[in-house]
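# Structural overview
Now for the letters of each chain:
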Amino acid sequence: MFGDSAARGADVESLWRRDQGTRCEAKSCQTGEISTVEAAVQSHSSRDAGMQTDQSEATIQNLDLQKEAPVDYAGLLSFLQGVEDVIIKELNKNWRSHAFDDFEVNWVDQNETVSCLHSLSYPEAQDQKLQVTSISWNATGSVVACSYGRLDDGDWSTEKSYVCTWNLDRRGLNPKRPDLVVDVPSSVMCLAFHPSQPSLIVGGLYSGEVLIWDTSRIEDPLIWRTGMTDDTHTDPVYQRTRGETAVGVTSLSFSCFDPSVFIIGVEGGYSLKCSTAVETAAVPRTGSSVPLKAPAQFAFSPHGGPVYCVSCSPFHRNLFLSGGTDGHVHLHSMLQAQPLISLQLSKKYLFSVRWSPVRPLVFAAATGEGEVQLFDFGKSSQKPAVSIKQASAQTPVYCIEFNFKQPQLLAAGDASGMLKIWQLSSDFIQQGPREMNHLEQLANEVAD
């Protein structure tokens with residue numbers, strides 16, 4: 001009935017595709033060509049116009065500045081002759097006046113206050129409760145050194161101490177980290193920089209030794225020491241003889257005018273004028289091979305206790321200051337025994353007094369009440385011009401030193417181990433025109 005067979009294929013062409021193909025058109029989406037025109041914006045012509053007005057001959061004639069105005073010389077002469085006597089009288093009066101004697105034109109900014117620039121310390125020394133015993137500025141005025149020791153109690157002979165230096169001009173100064181720390185086997189009682197070699201320091205120890213350090217040698221600054229012999233000191237204070245009596249010297253100051261003259265303060269309360277040129281022999285010390293002399297020449301009226309400080313004036317050959325445990329400062333002339341002026345500055349001890357290096361009438365004093373007092377005899381001979389609170393009332397100020405190169409700086413060390421650098425006001429560093437005359441008048445006074 002039904003069977004498989006292969007039939008021929010049939011092909012039917014699409015009329016839709018053929019019709020669509022015949023209706024296709026090519027179209028373009030680009031707009032027609034746009035017409036453009038170039039035009040220059042630069043102007044084609046320019047014109048210069050002058051702003052200066054033209055001078056006319058009439059104007060020049062009316063504004064002739066060179067033409068001199070008429071002067072009535074006869075009238076001027078008559079006027080000057082009429083006031084001549086009055087003007088001469090007033091000029092003579094002004095010439096005798098002292099109204100402007102202390103006036104000086106100063107174009108530098110004035111500093112009217114005393115301020116603390118630096119508070120320096122060595123923490124290890126403070127931990128041992130050591131005190132600042134002495135201060136010194138080097139020859140350039142940029143480095144300050146202080147010695148640590150003990151002035152009140154404790155085992156002075158075996159206690160380790162220090163010498164510390166700070167360069168105030170160094171960038172990044174650390175107030176609690178000295179530039180140099182020298183370990184010393186005994187308390188350092190005093191020290192001083194060399195006057196011309198800024199790296200050399202000499203120190204006196206409680207043991208009696210004298211040591212010299214060179215601060216340029218960081219690893220081993222010690223360059224010389226006296227050692228302990230029969231010819232060296234065996235006590236912390238110097239011993240000198242007055243006649244046949246030994247006296248304990250507590251302080252010393254050389255004259256700025258005669259290098260052979262010096263003043264010493266002694267434990268008995270006296271100040272003595274001495275000379276290195278004397279020929280009087282002292283009582284020889286047992287075992288000593290060095291011949292000693294007795295330099296004392298004149299004794300001044302005593303304090304009520306040991307004299308801890310003396311200072312010779314850098315401006316007058318006969319004047320010096322002394323201070324002691326009675327709290328008084330005496331202004332002395334080397335020509336008379338009695339003091340010219342006696343001032344009670346403290347109810348406790350006075351440990352240091354120093355003349356200003358630039359003001360003849362100014363001095364500073366360190367008190368046992370924690371103050372640094374600045375006196376100006378030009379303003380008052382009875383009370384301080386300024387009292388600086390360095391420390392508490394229970395913390396004495398032991399030492400002070402003016403800076404000779406930078407006179408606006410004053411260093412002060414106290415019992416807490418603190419070294420403070422004070423910047424002084426302009427009043428304490430600028431000398432007045434009649435200040436030397438005032439100082440001469442003080443020196444010529446006769447004590448009662």
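Reading guide: rules and limits
- Residues numbered from 1 in each chain as written.
- Predicted model: local features only at pLDDT ≥ 70, side-chain atom pairs only at ≥ 80, totals over all residues.
- Heavy atoms only, no water.
- Helix = DSSP H or I, 4+ residues; strand = E, 2+ residues; numbered from the N terminus.
- Buried < 20%, exposed > 50% of the residue type's maximum accessible area, 1.4 Å probe, protein only.
- Phe/Tyr/Trp six-rings, centres within 6.5 Å; stacked < 30°, edge-to-face > 60°.
- Pairing = 2+ DSSP bridges.
- Axes fitted to C-alpha atoms, helices over the stretch in contact; angles between N-to-C directions.
- Arc of directions from axis to C-beta.
- Contact = heavy atoms within 4.5 Å.
- pLDDT = per-residue confidence, 0-100.
- Core = buried A, V, L, I, M, F, W, Y, C linked by side-chain atoms within 4.5 Å.
- Expected span 1.5 Å × (residues − 1).
- Bend = angle between axes of the 7 residues up to and from the residue.
- Patch = residues over 30% accessible without salt bridge, like charges linked within 9 Å, V, L, I, M, F, W, Y side chains within 5 Å.
- Areas by Shrake-Rupley, 256 points an atom, 1.4 Å probe, with all protein chains shown as cover.
- Salt bridge = Lys/Arg side-chain N within 4 Å of Asp/Glu carboxyl O.

Along the backbone of the protein there are five helices and 25 strands. Classification of the 448 residues of the protein by burial places 39% in the buried group.

Between two aromatic rings, the relevant description is the distance of the centres plus the angle of the planes. A complete count under the given rule lists 11 aromatic pairs for this structure. Here the aromatic rings of Phe298 and Phe300 are separated by 5.0 Å at their centres, their planes lie at 80°, and the arrangement is edge-to-face. Look at Phe363 and Phe377: their rings are 5.5 Å apart centre to centre, the planes differ by 45°, and that puts the pair in the tilted class. In this pair, Phe363 sits in strand β20 (residues 362-367) while Phe377 sits in the loop between β21 (371-376) and β22 (386-389), placing the two residues 14 residues apart along the sequence. Look at Phe363 and you get buried, because its relative accessible area is 0%. Grouping aromatic residues by their ring pairs yields a cluster made of Tyr308, Tyr349, Phe351 and Tyr398.

This paragraph deals with unusual backbone geometry. Positive phi values are uncommon outside glycine, yet Lys129 reaches one of about 60°. With respect to the helices, strands and loops of the structure, Lys129 is situated in the loop between α4 (123-127) and β2 (131-137). Given the relative accessible area of 63%, Lys129 is considered exposed.

For the rest of this paragraph, the subject is the sheet that holds strand β18 (residues 341-344). What the four strands build is an open sheet, ordered β15-β16-β17-β18; its pairing is antiparallel. The open sheet has two edge strands with one neighbour each: β15 (307-312) and β18. For this sheet the average axis-to-axis angle between neighbouring strands, irrespective of direction, equals 15°. Both strand β17 (residues 328-333) and β18 contribute to a ladder of four bridges, which runs antiparallel. Across the sheet, residue His328 finds its bridge partner in β18, namely Gln344.

The strand order β19-β20-β21-β22 describes an open sheet built from four strands, whose pairing is antiparallel. Only two strands of the sheet have a single partner each, and these edge strands are β19 (350-355) and β22. The mean inter-strand angle of the sheet, taken between neighbouring strand axes irrespective of direction, is 15°. In this sheet, β21 lies alongside β20 in antiparallel orientation, the contact comprising five bridges. Following the sheet pairing, Phe363 is matched in β21 by Phe375.

Below, the discussion takes up helix α5 (residues 435-444). Taken together, the buried positions of α5 are occupied by Glu435, Leu439, Leu442 and Ala443. The buried residues of α5 occupy an angular sector of 100° when projected down its axis, which confines them to one face. Here the buried face of α5 lies against β16 (319-324), β17 and β18.

Once that is clear, we can look at the side chain of Ser301. When you line up the elements, Ser301 lands in the loop between β14 (296-299) and β15. Dropping the residues within four chain positions of it, Ser301 is found in contact with His330, His332, Ala337, Gln338 and Pro339.

This next bit is on the confidence of the model for the protein. The predicted model of the protein has a mean per-residue pLDDT of 82, with 74% of residues at 70 or higher. Contacts from residues 237-243, a stretch scored under 50 in pLDDT, to residues over four places away or in other chains number 24 contacts.

Judged by nonpolar contacts, the single largest core of 22 residues is most densely connected at Val144, Tyr148, Trp166, Leu168, Leu419 and Ile421. Of all elements in the fold, only β2, β3 (143-149), β4 (161-167), β23 (397-402), β24 (409-414) and β25 (419-423) reach the threshold of two or more residues within this core. Within the second largest apolar cluster, 20 residues are counted, among which are Leu319, Leu321, Leu345 and Ala365.

Quick look at helix α3 (residues 73-96) now. Over its 24 residues, α3 runs 34 Å from end to end, which matches the ideal 34 Å to within 8%, given 1.5 Å per residue. The principal kink in α3, of about 45°, is found at Glu84. Burial runs low along α3: only zero of the 24 residues are buried.

With seven of seven residues buried, β2 lies mostly within the body of the structure. With six bridges joining them, β2 and β3 adopt antiparallel strand pairing. Looking at the pairing, Trp137 lines up with Val144 of β3. Counting the residues in the hairpin turn of β2 and β3 gives five residues, including Gly141, whose phi is positive at 80°.

On the surface, a cluster of nonpolar side chains totalling about 310 Å² of accessible area is made up of Leu76, Phe79 and Leu80. Tracing the backbone through its elements, the reader meets Leu76 in helix α3. A residue is classified by how much of its surface remains accessible, and Leu76, at 44% relative accessible area, is partly exposed.

Okay, the side chain of Thr367 next. Structurally, Thr367 can be placed in strand β20. For Thr367, a relative accessible area of 0% translates into the label buried. Those residues within four positions of Thr367 in sequence are excluded, and the remaining contacts are Ser346, Tyr349, Leu350, Phe351, Gln373, Pro396 and Val397.

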